[in-house]
Amino acid sequence: MAAETEISTFLCRSDNIGVLIRDPATGACAAIDVPEAEPVLRALEETGWRLTDILVTHRHADHVDGIPAVKQATGARVTAPAKAGDAVPQVDVTVREGDTVQVGNLEAQVWETPGHCADHVTYWFAEAGLVCAGDTLFTLGCGRVMEGPPETLYRSLRRFDDLPDDTQVFSGHDYVLSNARFALAADPDNPDLKARFAEAERAKAQGRFLIPSTLAAERATNPFLRSAEKALAQSVDMPPESDPEAVFVALRAWKNRF
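Thresholds applied
- Residues numbered from 1 in each chain as written.
- Predicted model: local features only at pLDDT ≥ 70, side-chain atom pairs only at ≥ 80, totals over all residues.
- Heavy atoms only, no water.
- UniProt positions renumbered as here; feature names shortened; annotations may be inferred.
- 1 Å grid on protein atoms, 1.4 Å probe; cavity = no way out; pocket = protein on both sides within 12 Å on 5 of 7 lines; lining within 4 Å.
- Buried < 20%, exposed > 50% of the residue type's maximum accessible area, 1.4 Å probe, protein only.
- Axes fitted to C-alpha atoms, helices over the stretch in contact; angles between N-to-C directions.
- Helix = DSSP H or I, 4+ residues; strand = E, 2+ residues; numbered from the N terminus.
- Parallel < 35°, antiparallel > 145°, perpendicular 65-115°, else oblique.
- Left-handed = near helix turned anticlockwise from the far one by under 90°.
- Contact = heavy atoms within 4.5 Å.
- Nonpolar A, V, L, I, M, F, W, Y, C, P; charged D, E, K, R; others polar.
- Points joined across faces, edges and corners; volume = space filled by probe spheres on them.

Another point: the UniProt feature "binding site: Zn(2+) 2" (unreviewed entry) in the protein chain. Those residues carrying the UniProt feature "binding site: Zn(2+) 2" (unreviewed entry) are Asp62, His63, Asp135 and His173 in this numbering. Across 112 residues in sequence, these annotated residues keep their C-alpha atoms within 10.9 Å of one another, forming a single compact spot. As for the largest cavity, its lining draws on His63 from among the annotated residues. The class of Asp62 is buried, set by a relative accessible area of 18%.

Have a look at this one:
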């Protein structure tokens, strides 16, 4: 992440992650989703930042409920996926695959990443070295498939393959400990994962969360990014050389009932 990009992360609701991204050169500042208004407004007051933009990843209520109050308080421009239709309140700009958004001098590419839901988008800030993945990619996990087949989410996760290892991943929820328990069940002999689980437990005890993560950490420990590994195929009783997409589908189904 470029040193000049300023970030604030904080908890919203019970387990949503609020994210503010600020360009100090211009003072422009974006909130990634607004799960609820009060924590976002409090973070703005504590930082002294002025909100100019709200970038919505998807239409679910736990990501957009706070938009009206925050927009009223700040006048921020609301950018949302075009495929969300009118489910996101007070939208000013809609975006699709291949569009870009500007937050001051910071530019983000818009990826359509369906799977969790059909309208989901991800914002990739290339120069800043960060990606806002919403409910597509989590620390040690991935989103629940709510619309469409699980293969759709698998293809969306493959979008992250070409990003650098040091890319910081900001996800929409703190599900780290529950994700870690499943990951250990699926990949019990992974030493990096064992260390990550211990780190997650320490963070929880200290009132922290492991968000952002990095793609290097996720590639080493997240079973949903490791479905090409023989150990993960074997964990779902499939041959070691099984198709990674089929292994992912089996892992996602296991996680649903875990």
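So much for the structure itself; the text now carries on.
Helices that pack against each other are described as a pair by the angle of their axes relative to one another and the distance between those axes. In contact at an axis separation of 10 Å, helix α5 (residues 176–186) and helix α6 (residues 191–205) are set at 160 degrees when each is read in the N-to-C sense. Regarding the angle of α5 to α6, the classification is roughly antiparallel. As for the relative orientation of α5 and α6, their crossing is left-handed in sense. Every residue of α6 that contacts α5 at Val176, Leu177, Ala180, Arg181, Ala183 and Leu184 is listed here: Leu193, Lys194, Phe197, Ala200, Glu201 and Lys204. Here the residues of the contact of α5 with α6 are counted per class, giving eight nonpolar, no polar and four charged.

Time to look at the layout of surface pockets. If a probe as big as a water molecule is rolled over the atoms, it shows which places are left empty. Quantified by volume, the largest pocket comes out at close to 230 Å³. Taken together, 17 residues line the largest pocket, and the ones lying closest to its centre are His116, Phe138, Gly143, Arg144 and Tyr175. If you list the elements that add at least two residues to the lining of the largest pocket, you get α2 (61–64), α5 and α9 (244–257). Per-class residue counts for the lining of the largest pocket are four nonpolar, seven polar and six charged.

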